[in-house]
Amino acid sequence: MENESKREQLLSLLGEMPDRQTVEAYTLKIEERESYLLETLILSIHGVEEVPAYFVKPKDIVKKRPVVLFQHSHGGNFIDGKEELLKGAHYLQAPSYAKEFTSKGYSVLAIDHAGFGERRGRTESEIFKERLLTGKVMWGMMLYESMCAIDYLVGRPDVLSERLAVFGMSMGGLLSWWTAALDERVSVCIDLCAQVDHHTLIETNSLDRHSYYYYVPSLAKHFTAGEIQELIFPRPHLSLVGKLDRLTPAEGVHRIQKVLSQTYQAASFKDRYQLVGFQAGHFETAAMRHEVTRFLKKWL
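About the cut-offs
Residues numbered from 1 in each chain as written. Predicted model: local features only at pLDDT ≥ 70, side-chain atom pairs only at ≥ 80, totals over all residues. Heavy atoms only, no water. Helix = DSSP H or I, 4+ residues; strand = E, 2+ residues; numbered from the N terminus. Buried < 20%, exposed > 50% of the residue type's maximum accessible area, 1.4 Å probe, protein only. Contact = heavy atoms within 4.5 Å. Areas by Shrake-Rupley, 256 points an atom, 1.4 Å probe, with all protein chains shown as cover. Lys, Arg positive; Asp, Glu negative; His and termini not counted. Charge placed at Lys NZ, Arg CZ, Asp CG, Glu CD. Salt bridge = Lys/Arg side-chain N within 4 Å of Asp/Glu carboxyl O. Arc of directions from axis to C-beta. Pairing = 2+ DSSP bridges. Axes fitted to C-alpha atoms, helices over the stretch in contact; angles between N-to-C directions.

**Thoughts on the overall build of the protein chain**
Here comes step 1: For the protein chain, the count of helices and strands is eleven helices and nine strands.
Here comes step 2: Overall size of the protein chain, expressed as C-alpha extent along the three principal axes, is 50 × 45 × 35 Å.
Here comes step 3: A buried classification covers 56% of the 300 residues belonging to the protein chain.
Here comes step 4: Put simply, of all contacts in the protein chain between residues at least 6 apart along the chain, 74% involve residues at least 24 apart.
Here comes step 5: Total accessible area computed for the protein chain in this model is approximately 12,900 Å², and 51% of it derives from carbon and sulfur atoms.
Here comes step 6: Here the protein chain contributes 36 positively and 39 negatively charged side chains, and the mean placements of these two sets differ by 5 Å.

**Notes on the pattern of salt bridges**
Here comes step 1: All chains considered together, the criterion is met by 26 salt bridges.
Here comes step 2: The partner of Asp 112 in a salt bridge is Lys 82, and the shortest N-O contact between them spans 2.8 Å. Here Lys 82 lies in the loop between β4 (65-71) and α2 (83-87) and Asp 112 lies in the loop between β5 (107-111) and α4 (124-133), a separation of 30 residues in the sequence.
Here comes step 3: We classify Asp 112 as buried; its relative accessible area is 0%.
Here comes step 4: Using a relative accessible area of 1% as the deciding quantity, one classes Lys 82 as buried.
Here comes step 5: In this structure, Glu 100 and Arg 289 form a salt bridge, with 2.8 Å as the shortest nitrogen-oxygen distance. With Glu 100 in helix α3 (residues 97-103) and Arg 289 in helix α11 (residues 286-299), the pair connects residues that are 189 residues apart, well separated along the chain.
Here comes step 6: Here Glu 100 falls in the buried class, since its relative accessible area comes to 9%.
Here comes step 7: Since its relative accessible area comes to 6%, Arg 289 is described here as buried.

**As for α4**
Here comes step 1: Among the residues making up α4, those that are buried are Glu 124, Ser 125, Ile 127, Phe 128 and Arg 131. One face of α4 carries all of its buried residues, which in axial projection span an arc of 160°.
Here comes step 2: Just beyond α4, the residue with positive phi is Gly 135, at close to 85°.

**Brief notes about the sheet that holds strand β9 (residues 273-278)**
Here comes step 1: Spatially, nine strands are ordered β1-β2-β3-β5-β4-β6-β7-β8-β9 in an open sheet, and the strand pairing comes out mixed. In this open sheet, the two edge strands, each paired with only one partner strand, are β1 (24-32) and β9. Pairwise comparison of adjacent strand axes, ignoring direction, gives a mean angle of 20° for this sheet.
Here comes step 2: Note: strand β3 (residues 50-57) against β5, four bridges, orientation antiparallel.

Listed below in structure tokens is the structure:
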């Protein structure tokens, strides 16, 4: 099965999605921070909910820059959402990724996903159940909004649309590799602590280690995690995992790595795919941060 038909099949499992429309952006304010410019935005994506967003960029006068779609994590913290870009989290290294990425010459967009940040008010389980009852899938809508965020980015005059990366930790990492699999406009994918193999979760009785958002009806009947991530090939893809991370069981990580290593090596693209394990749990280490910046410098 060709990649395009695989993408169509994967999308069909993700529930009903609104028609894609032109994303309108409303700028609420622009602030000069110590090391970057911050735009506070509202993205009008699907006519149901407005999506709050941050766009940060270096202060200099370069007209167009490569861009990163920053996918925020979950962490049981529904307050922060996109704020994670600006202030980080206790499981992330300092400085914040707003400072890190802009200091390296990249612009960055982060949105609040449903239930987080300025979109909180309903519980995650409430959103999941409402989506299910109305023919939608929570995860599918999160991915839909991620792809609409890319629609917005490639339309910005200060973005180099052919140099667009997705990046995230934990839930944000899952969103990153799924978004890259579904949207070929993503040129580089980096995920932290997010190599989750759903078949392994079933086999090891580990399904409750992940929250409602990640469960897609019938997914395990049609796709493995490795098969989804093969849709990123041949684009550069870096995965960083903690060997002691109970949210990403080692058996599943090895399954995914085996599939992707074979796929990239068979095409002589071995250097475009890396999965690096660290003697750590579910958090970013200093060595992980080093690998993130090194990989982006090489490929973005």
